[in-house]
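A structural walkthrough
Each chain is listed here by its residues.
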Amino acid sequence: MKKLISLLFTALFVLSLAACSNGNTSQPAAPASSAVSETTAEIPATSPAATEPAAANQSAKSADGIDVDLTAMSSTMVYSDVLNMQQTPDEYIGKIVKMKGPFNVSEIGDNRYFACIIADATACCSTGIEFVWAGDHSYPEDYPKKDQEITVVGTFNTYMEGSSKYMQLKDAEVEF
């Protein structure tokens, strides 16, 4: 019993440290992963829901062709789905995603990145999802002002820059 309680507290401690990460999508350390696995392995599954895949992976396209509509979710679900996108991006490639939030632009070297900011329920762990606006647009003339509320619909994609993998919505439609 003491071992189970100790493992449970260890898992909770590790999860609380990871709750507001800086967006780093690296895998958790092996001890944290095994502590969670050992704890959950001792708890019997009492409902079929415990063995079903995540709802995001089963979602069907809505009538308007959107696979993942972050604008129609609670803030907790938005945070969960965006975190899932960061951790398992290959499961979302090709899906049509809709999001809403403040517009942001970042300039790093000669590159310019446009993003829609997604805040979590407590607004401590905001994440920007980059988008590439379809068509021919000139910055700053055609773009919204920084922090202006926008809605973006685009196709989820990943790309490599250096040794890092990034996610973006390509061929995006932007409303502001």
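Quick note: structure is the one above.
Residues numbered from 1 in each chain as written. Predicted model: local features only at pLDDT ≥ 70, side-chain atom pairs only at ≥ 80, totals over all residues. Heavy atoms only, no water.

1. Here's the deal with the side chain of Thr127
Within the secondary structure, Thr127 sits in strand β4 (residues 127-133). Every residue in contact with Thr127, bar those within four places of it in the chain, is listed here: Val82, Gln86, Cys116, Ile117 and Ile118. (Helix = DSSP H or I, 4+ residues; strand = E, 2+ residues; numbered from the N terminus. Contact = heavy atoms within 4.5 Å.)

2. A few points about the packing of aromatic side chains
Summed over the entire model, instances satisfying the criterion amount to 11 aromatic pairs. With centroids separated by 5.9 Å and ring planes inclined at 55°, the aromatic side chains of Tyr92 and Phe156 adopt a geometry described as tilted. Residue Tyr92 is located in the loop between α4 (75-87) and β2 (96-108), and its partner Phe156 is located in strand β5 (residues 149-161); the two are separated by 64 residues in the primary sequence. Residue Tyr92 shares its accessibility class with Phe156, and that shared class is buried. Relative to Tyr139, the ring of Phe114 lies with its centre 5.3 Å away and its plane at 55°, an arrangement referred to as tilted. One end of the pair, Phe114, is in strand β3 (residues 111-118); the other, Tyr139, is in the loop between β4 and β5, with 25 residues separating them in the sequence. Given a relative accessible area of 12%, Phe114 falls into the buried group. An aromatic cluster is built from Phe103, Phe114, Phe131, Trp133, Tyr139, Tyr143 and Phe176, whose rings are joined through pairwise contacts. (Phe/Tyr/Trp six-rings, centres within 6.5 Å; stacked < 30°, edge-to-face > 60°. Buried < 20%, exposed > 50% of the residue type's maximum accessible area, 1.4 Å probe, protein only.)

3. Section: the environment of Thr122
With respect to the element layout, Thr122 can be found in the loop between β3 and β4. Among the residues examined, Thr122 registers a relative accessible area of 61% and is labelled exposed. With 47 residues separating them in the primary sequence, Thr122 and Ser75 have C-alpha atoms 8.8 Å apart.

4. Let's talk about unusual backbone geometry
Generally, phi is negative for residues other than glycine and the peptide bonds are trans, each holding for most cases. Going from Tyr139 to Pro140, the amide bond is cis rather than trans, its omega being 10°. Tracing the backbone through its elements, the reader meets Pro140 in the loop between β4 and β5. You will see that Asp147, though not glycine, has its phi angle at about 75°, which is positive. Of note, Asp147 is situated in the loop between β4 and β5. A positive phi angle, near 50°, is found at Asp171, a position not held by glycine. Along the chain, Asp171 falls in strand β6 (residues 164-175).

5. Brief notes about the nonpolar core
If you look at the biggest cluster of nonpolar residues, it comprises 24 residues, and the most contacted ones within it are Leu70, Met85, Met99, Ile129, Phe131, Val152 and Leu169. Once residues lying within four places of it in the same chain are set aside, the contact partners of Leu70 are Val78, Asp81, Val82, Met85, Val97, Lys98, Met99 and Ile129. (Core = buried A, V, L, I, M, F, W, Y, C linked by side-chain atoms within 4.5 Å.)

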